[in-house]
Amino acid sequence: MDTSIEHDVDLAPLSTLGVAARAAHFCAADSAASIREALAWADSNRHPVLIVGGCSNIVFASDYAGLVLKPSIAGREKVGETPAHHLVRVGAGENWHETVAWTLAQGWPGLENLALIPGNVGAAPVQNIGAYGLELTDCFDSLEAIDRDTGETRTLTRADCRFGYRDSIFKHPAGSRLIVLSVTFALPKRWSAHAGYRDVSEELAARSVTSPSPQDIFDAVVAVRQRKLPDPAVLGNVGSFFKNPIVSAAAHAQLQGLHPALVSYPQADGRFKLAAGWLIDQAGWKGRALGRARVHPNQALVLTNTGGASGSEILALAQAIQADVRQRFGVVLEPEPIIIGPALPT
Ligand code: EPU
């Protein structure tokens, strides 16, 4: 069991954005018992606690004065099956992409559309990560979490997690005291391809693949992501910086009248999701920099740290984009990552 607490820790190398920030205290805890021990230490010293995964979706715009706690629980195993699914449990500290590759190697496909997403398994349900027509919730069975208020371990079903678009109970007061220990996936025994998303179908066509295998989809997704999204190991970023905004049918109709090329997706409830990347691109921000923060030239929804940018510099660029998109389109862009420090207006 490892519960060693480090002090005054540099967070830049631990996060994909790579902005300078320090944690007063840091602990990578490799078991439920060590997480409990670290929490007890923080409580007895009256330190606030911030739970992080791979720090791939967090912007440190200031130092963190409390304990940054990283659940680092390992382990991947099949724990059962139903008539339709393999049930596979994975520790919160396992790397997401390696887990996707491992499930394919075991002959249990289903997660391949989510290949190459940075971060750890424990963070995946918090964001309900999604890409290329699939969301985590589509392959989710249950998870185990520690309740910080009672110290007990709880099992949460899909309904309990209240998954939404890049949203879950863990981002709301009802679930903010829960720390994910492991996730159990339900991977289909009768697999069928999700190859309808345009970027993926075009990539498969370019490879002359007509009846894709799970590995074909995995390879296509990896190729698309490598082309459009910056590799965080090379260029600091947190993936999409804003959520795709959802607007009413009336607002959508009005916008489409003014901008016939508007990219939007109808939602089940009659509203429309707009492609924030398109709005930002149309506003002329693609490739533009403010200081050392830059809008990625291949995907306007991604803000990058070109080297040595502070969290505040990244937020200044985000704010300028928000203000401009609001003025041009009357649409409010909501940040997608978690921001530590001054909140952005939403
Ligand atoms: N677009 C532009 N210009 C741009 C970027 C996009 O015109 O600079 C247009 C595209 O041509 C396309 C539409 O906007 O018509 C949507 O773009 P894309 O397919 O790249 O997806 P996205 O909506 O920008 C979302 C997710 C990504 C995920 C992709 C693929 C969010 C916030 N982002 O991006 O997730 O990889 O779909 O499924 O939902 C992330 O969450 O960090 C992330 C990268």
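Along each chain, residue indices are assigned from 1 in the same order as the chain's sequence is written. Residue-level local features of this predicted model are given only where pLDDT is at least 70; pairs of side-chain atoms are given and counted only at 80 or more, and the full residue set underlies all totals for whole chains, interfaces and linings. Heavy atoms throughout the structure, all of them, feed into the side-chain values; hydrogens and water do not.

**As for the overall build of the protein**
Let me state the cut-off plainly: To qualify as a helix, a DSSP run of H or I must reach at least 4 residues; to qualify as a strand, a run of E must reach at least 2; elements of each kind are numbered from the N terminus. As defined in this context, the radius of gyration uses C-alpha atoms, and a globule is described by 2.2 Å times the residue total to the power 0.38. Here the term buried applies to any residue with accessible area under 20% of the maximum for its type, exposed to any over 50%, and partly exposed to those in between, with areas from a 1.4 Å probe on protein chains only. Only heavy atoms matter for contacts: two residues are in contact if any of them lie within 4.5 Å across the pair. Counted as positive: Lys and Arg. Counted as negative: Asp and Glu. His and the chain ends are not counted at all. To locate a charge, the coordinates of NZ of Lys, CZ of Arg, CG of Asp or CD of Glu are taken.
For the protein, the helix and strand inventory stands at 9 helices and 20 strands. The C-alpha atoms of the protein give a radius of gyration of 20 Å, which matches the 20 Å a tight globule of 346 residues would have. Dimensions along the principal axes, computed over C-alpha positions, put the protein at roughly 60 × 50 × 35 Å. Put simply, the protein has 346 residues, and 49% of those count as buried. For the protein, long-range pairs separated by at least 24 residues make up 60% of all intrachain contacts whose partners lie at least 6 apart in sequence. A distance of 6 Å separates the average location of the 30 positive side-chain charges in the protein from that of its 34 negative side-chain charges.

**Some thoughts on the sheet that holds strand 16 (residues 272-274)**
The following threshold applies: Note on pairing: two strands pair once DSSP finds at least 2 bridges between them.
Pairing in this open sheet of 3 strands is antiparallel, and the strands run 14-16-15 from one edge to the other. Of all strands in the sheet, those bounded by a partner on one side alone are strand 14 (246-247) and strand 15 (264-266). By the bridge criterion, 2 bridges tie strand 14 to strand 16 in an arrangement that is antiparallel. Counted as the bridge partner of Ile246 is Lys273 from strand 16.

**Describing the sheet that holds strand 11 (residues 153-157)**
Put simply, the rule is: The convention used is that axes are lines fitted to C-alpha atoms, helices contributing only their stretch in contact, and that angles between N-to-C directions extend from 0 to 180 degrees.
Ordered in space as 6-7-12-10-11, the 5 strands form an open sheet in which the pairing is antiparallel. Where the open sheet ends on each side, the last strands, each with one partner, are strand 6 (76-81) and strand 11. Recorded for the sheet is a direction-independent mean angle of 25 degrees between the axes of neighbouring strands. Looking at chain direction, strand 6 and strand 7 (residues 85-91) are connected through 5 bridges and run antiparallel. When the bridges of strand 7 are listed, Gly80 appears paired with Leu87. In the packing of helix 1 (residues 32-44) onto the sheet, the strands contacted are strand 10 (140-147), strand 11 and strand 12 (178-188), and the crossing angle to strand 12 comes to about 150 degrees. Relative to the sheet, helix 2 (residues 96-106) contacts strand 6, strand 7 and strand 12, its axis offset from that of strand 6 by approximately 50 degrees.

**Brief notes about unusual backbone geometry**
Residues other than glycine seldom take positive phi values, yet Arg46 does so here, at roughly 55 degrees. Checked against the element boundaries, Arg46 lands in the loop between helix 1 and strand 3 (49-51). The class of Arg46 is exposed, set by a relative accessible area of 77%. Located in the positive-phi region is Tyr132, a residue other than glycine, with phi close to 50 degrees. Within the fold, Tyr132 resides in the loop between strand 8 (130-131) and strand 9 (134-135).

**Quick look at the pattern of salt bridges**
Under the convention used in this document: Each salt bridge in this description consists of a side-chain nitrogen of Lys or Arg and a carboxyl oxygen of Asp or Glu lying within 4 Å of one another.
Under the counting rule described, the total for this entry stands at 17 salt bridges. Here Arg328 ties to Asp324 by a salt bridge, and the two come within 3.0 Å at their closest N and O atoms. Remark: Asp324 and Arg328 occur in helix 9 (residues 311-329); sequence separation between them is 4 residues, near one turn of the helix. Note on Arg328: relative accessible area 46%, which makes it partly exposed. Members of the salt-bridge network, linked through shared partners, are Lys78, Glu81 and Lys189.

**Digging into the site of the ligand**
Quick note on the threshold: Near, as used in this document, describes a residue that has one of its heavy atoms within 4 Å of the molecule or strand being considered. Polar contact is the term for a pair of N or O atoms within 3.5 Å; when the atoms are in protein, one must be able to donate a hydrogen and the other to accept it, and sequence-neighboring residues count only if both atoms are side-chain atoms.
For the ligand, the set of nearby residues contains 24 residues, the closest of which are Tyr132, Tyr165, Tyr197, Asp281 and Ala300. Arg166 places a polar side-chain atom, nitrogen or oxygen, 2.8 Å from an oxygen atom of the ligand. Between a nitrogen atom of the ligand and a side-chain N or O atom of Asp281, the distance comes to 2.8 Å. Elements with a minimum of two residues in the shell around the ligand: strand 8, strand 13 (236-240) and helix 8 (276-282). With 3 residues, helix 8 is the single largest residue contributor to the shell around the ligand.

**Examining the packing of helix 5 (residues 198-206) against helix 6 (residues 214-228)**
Note the cut-off: Comment on the angle field: the value is read as roughly parallel under 35 degrees, roughly antiparallel over 145, roughly perpendicular from 65 to 115, and oblique elsewhere. It is the rotation of the near helix from the far one that decides the hand of a crossing: anticlockwise by less than a right angle makes it left-handed, clockwise makes it right-handed. Classes in brief: Ala, Val, Leu, Ile, Met, Phe, Trp, Tyr, Cys and Pro nonpolar; Asp, Glu, Lys and Arg charged; the others, Gly included, polar.
Interhelical geometry of helix 5 versus helix 6 gives an angle of 110 degrees and a closest axis separation of 9 Å. As far as their axial angle goes, helix 6 and helix 5 are roughly perpendicular. Crossing of helix 5 over helix 6 shows right-handed handedness. Only Asp216, Ala220, Val221, Ala223, Val224, Arg227 and Lys228 of helix 6 make contact with helix 5, whose side of the interface consists of Asp199, Val200, Glu203 and Leu204. Each residue belonging to the contact of helix 5 with helix 6 can be placed in one class, and the counts come to 6 nonpolar, no polar and 5 charged.

**Observations concerning the side chain of Thr99**
Tracing the chain through its elements places Thr99 in helix 2. Those residues within four positions of Thr99 in sequence are excluded, and the remaining contacts are Arg76, Val90, Glu94 and Val121.

**Details of the nonpolar core**
The cut-off we apply is this: By convention a nonpolar core is built from buried Ala, Val, Leu, Ile, Met, Phe, Trp, Tyr and Cys residues, the set being connected through side-chain atoms within 4.5 Å. Domain ranges listed in this record stem from an automatic or a database domain assignment.
In this structure, Phe60, Phe241, Leu279, Ile280 and Ile321 are the most contacted members of the largest nonpolar core, which totals 48 residues. Elements supplying a minimum of two residues to this core: strand 2 (22-29), strand 4 (58-60), strand 5 (64-71), strand 16, helix 8, strand 18 (293-295), helix 9 and strand 20 (338-340). Considering each element in turn, this core owes the most residues, 7 residues, to helix 9. Split by domain, the residues of this core number at least three in each of domain 1 (2-71) and domain 3 (236-340). Setting aside residues no more than four positions away along its own chain, Ile321 makes contact with Phe242, Ile280, Trp285, Val295, Leu303 and Leu333. Among the nonpolar cores identified, the runner-up in size contains 41 residues, and Val100, Ile117, Val183 and Leu187 belong to it.

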